[in-house]
Amino acid sequence: TKYLSENSLDVCIKSLSTLVDAFELWLDQQEKNIVPQILDEMLKEHALVNINRARNEAISRMRQGIDELNNNETAFEAFKLANLAMQMQMQWKDDVVLKWRPFQVAFCLMSLCSTLKEDDEYRETMDLIWFPTGGGKTEAYLLLSAIALFYRRISCNGEDSGNGVAVFMRYTLRTLTVQQFERAASLISACDYVRKNYVSDNFKIGQKAFEIGLWVGQPSTPNTFSEAVESLESKNDFSTPEQLKKCPKCREKILWDADTKNKKIVARCISDYCDIDKVPVY
């Protein structure tokens, strides 16, 4: 992430192209390994089909994504800012450098054009990351989400037309939803921190904060403002808006308040040393 957020266009394009070239060589090696002594004829046929699809579709789309970064200044800026935000939230959490696994970068490149371009032919294709728990699926789609957020704002020159809901995330289990909300909230907070402190003067991204909201139904979160106020006053943990306990940046406690004038529940970091005052979660 640090490498891709700090280096020039030429350096990044060369590195990304090298990754795809390496994948292509790996596919060549896999094809050589498909011999009748190892696989029967039916499995050999399926293996060849998968390898050809990887060559003709996956690699083609990755190179298409690289071309988009190379030829679209806005796309490359969004890509760099998204990598910066991903690195920033990782440093907030664990103070380590986030190193991309090859499949994560490949997924981003493969999905880039269909994410940014409404007329892309692969808009009707659903790309599924099939990977065990802990393998890095969340980081892969959070990176793509951040790219979409920055790209939309910059493309609209920072005007209001670039605001609004850009990404929906849906999970099958309520507990998993809350856990993933914490991870996504950290990224969104980092995106907003980048918006305020790191965007180049050559690009406009607007004054509207990047924000994230959570809705998982009445058993976990109140459905009305009055119910939310009542929950905060009674310290009810059953259905509460307090779904985030710690500031994504400094890890201090978050204070949840009711803004009765605007009918909003506001989350604030209580630390005097943190430069994130209002945490952009709802």
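For clarity, every value in this text was computed on a predicted model and none was experimentally measured. (Residues numbered from 1 in each chain as written. Predicted model: local features only at pLDDT ≥ 70, side-chain atom pairs only at ≥ 80, totals over all residues. Heavy atoms only, no water.)

With that out of the way, let us pick up the nonpolar core. If you look at the biggest cluster of nonpolar residues, it comprises 74 residues, and the most contacted ones within it are Leu69, Ile147, Phe150 and Val281. At twelve residues, helix H4 (residues 73-94) tops the list of elements feeding residues into this core. The contact partners of Phe150, leaving out residues within four places of it in the chain, are Ala78, Leu81, Ala82, Ala85, Cys191, Val194, Ile205 and Phe210. (Core = buried A, V, L, I, M, F, W, Y, C linked by side-chain atoms within 4.5 Å. Buried < 20%, exposed > 50% of the residue type's maximum accessible area, 1.4 Å probe, protein only. Helix = DSSP H or I, 4+ residues; strand = E, 2+ residues; numbered from the N terminus. Contact = heavy atoms within 4.5 Å.)

Taken as a whole and assessed by the stated rule, the structure comprises five aromatic pairs. Ring geometry for Trp92 and Tyr193: centres 5.7 Å apart, planes at 90°, overall edge-to-face. In this pair, Trp92 is assigned in helix H4 and Tyr193 in helix H7 (residues 174-197), connecting sequence segments 101 residues apart. Overall, Trp92 belongs to the buried group, its relative accessible area being 13%. Summarising the aromatic geometry, the rings of Phe103 and Phe131 are spaced 4.4 Å apart at their centres and angled 15° between planes, so their arrangement reads as stacked. (Phe/Tyr/Trp six-rings, centres within 6.5 Å; stacked < 30°, edge-to-face > 60°.)

Turning our eyes to something else, we now look at the pairing of strand S2 (residues 264-269). Here strand S1 (residues 254-259) pairs with S2 via six bridges, running antiparallel. Note that in S2 the partner of Trp256 across the bridge is Ala267. (Pairing = 2+ DSSP bridges.)

A word on the sheet that holds strand S3 (residues 278-279). If you trace the three strands from one edge of the open sheet to the other, you get S1-S2-S3, paired in antiparallel fashion. Each having just a single partner strand, S1 and S3 make up the two edges of the open sheet. When S2 meets S3, the two strands line up antiparallel, connected through two bridges. Note on S3: the bridge partner recorded for Arg268 is Lys278. Where helix H8 (residues 225-234) meets the sheet, its contacts fall on S1 and S2, and the angle it forms with S1 comes to roughly 135°. (Axes fitted to C-alpha atoms, helices over the stretch in contact; angles between N-to-C directions.)

Caution applies to low-pLDDT parts of the model: their predicted coordinates are not meant to be read in detail. On average, residues of the protein chain carry a pLDDT of 91, and 99% of them reach 70 or more. Element-level pLDDT for the protein chain is lowest in H7, with a mean of 89, against a maximum mean of 96 in helix H5 (residues 102-116). (pLDDT = per-residue confidence, 0-100.)

Before going further, it helps to spend a moment on the environment of Pro222. By the element assignment, Pro222 lies in the loop between H7 and H8. Along the primary structure Pro222 and Ile51 are separated by 171 residues, whereas in three dimensions their C-alpha atoms are 49 Å apart. Ignoring anything within four residues of it in the chain, the contact list for Pro222 reads Glu227, Ala228, Ser231, Ser239, Thr240 and Pro241.

Before going further, it helps to spend a moment on unusual backbone geometry. Phi angles above zero are rare outside glycine, and Asp95 is one such case at about 55°. Mapped onto the elements of the fold, Asp95 is located in the loop between H4 and H5. Overall, Asp95 belongs to the exposed group, its relative accessible area being 61%. Here Lys263, not a glycine, exhibits a phi torsion of approximately 55°, which is positive. Here Lys263 lies in the loop between S1 and S2.

As a further point, take a nonpolar patch on the surface. A cluster of nonpolar side chains, namely Met126, Leu128 and Trp130, defines an oily patch on the protein surface of about 490 Å² accessible area. Among the structural elements, Trp130 can be located in the loop between H5 and helix H6 (137-155). (Patch = residues over 30% accessible without salt bridge, like charges linked within 9 Å, V, L, I, M, F, W, Y side chains within 5 Å. Areas by Shrake-Rupley, 256 points an atom, 1.4 Å probe, with all protein chains shown as cover. Salt bridge = Lys/Arg side-chain N within 4 Å of Asp/Glu carboxyl O.)

In this section: the packing of helix H3 (residues 41-71) against H4. It is the contact of H3 with H4, at a shortest axis distance of 5 Å, that shows an interaxial angle of 105°. In this view, H3 runs roughly perpendicular relative to H4, as classed from their interaxial angle. Of H4, the residues touching H3 (which contributes Glu68, Leu69 and Asn71) are Glu73, Ala75, Phe76 and Phe79. Along the lines of polarity and charge, the residues of the contact of H3 with H4 split into four nonpolar, one polar and two charged. (Parallel < 35°, antiparallel > 145°, perpendicular 65-115°, else oblique. Nonpolar A, V, L, I, M, F, W, Y, C, P; charged D, E, K, R; others polar.)

Running from N to C, H3 and H5 cross one another at 70°; their axes reach a closest spacing of 7 Å. Compared by their axis directions, H3 and H5 come out roughly perpendicular. Of the residues in H5, those in contact with Ala58, Arg61, Met62, Gln64, Gly65, Ile66, Glu68 and Leu69 of H3 are Ala106, Leu109, Met110, Ser111, Leu112, Cys113 and Ser114. Tallied by class, the residues present in the contact of H3 with H5 amount to nine nonpolar, four polar and two charged.

With 15 residues, H5 extends 21 Å from end C-alpha to end C-alpha; this agrees with the ideal 21 Å at 1.5 Å per step. Bending of H5 peaks at approximately 35° at the position of Met110. With twelve of its 15 residues buried, H5 lies for the most part within the structure. Residues of H5 that are buried: Gln104, Val105, Ala106, Phe107, Cys108, Leu109, Met110, Ser111, Leu112, Cys113, Ser114 and Leu116. Along its buried surface, H5 packs onto helix H2 (9-33), H3, H4 and H6. (Expected span 1.5 Å × (residues − 1). Bend = angle between axes of the 7 residues up to and from the residue.)

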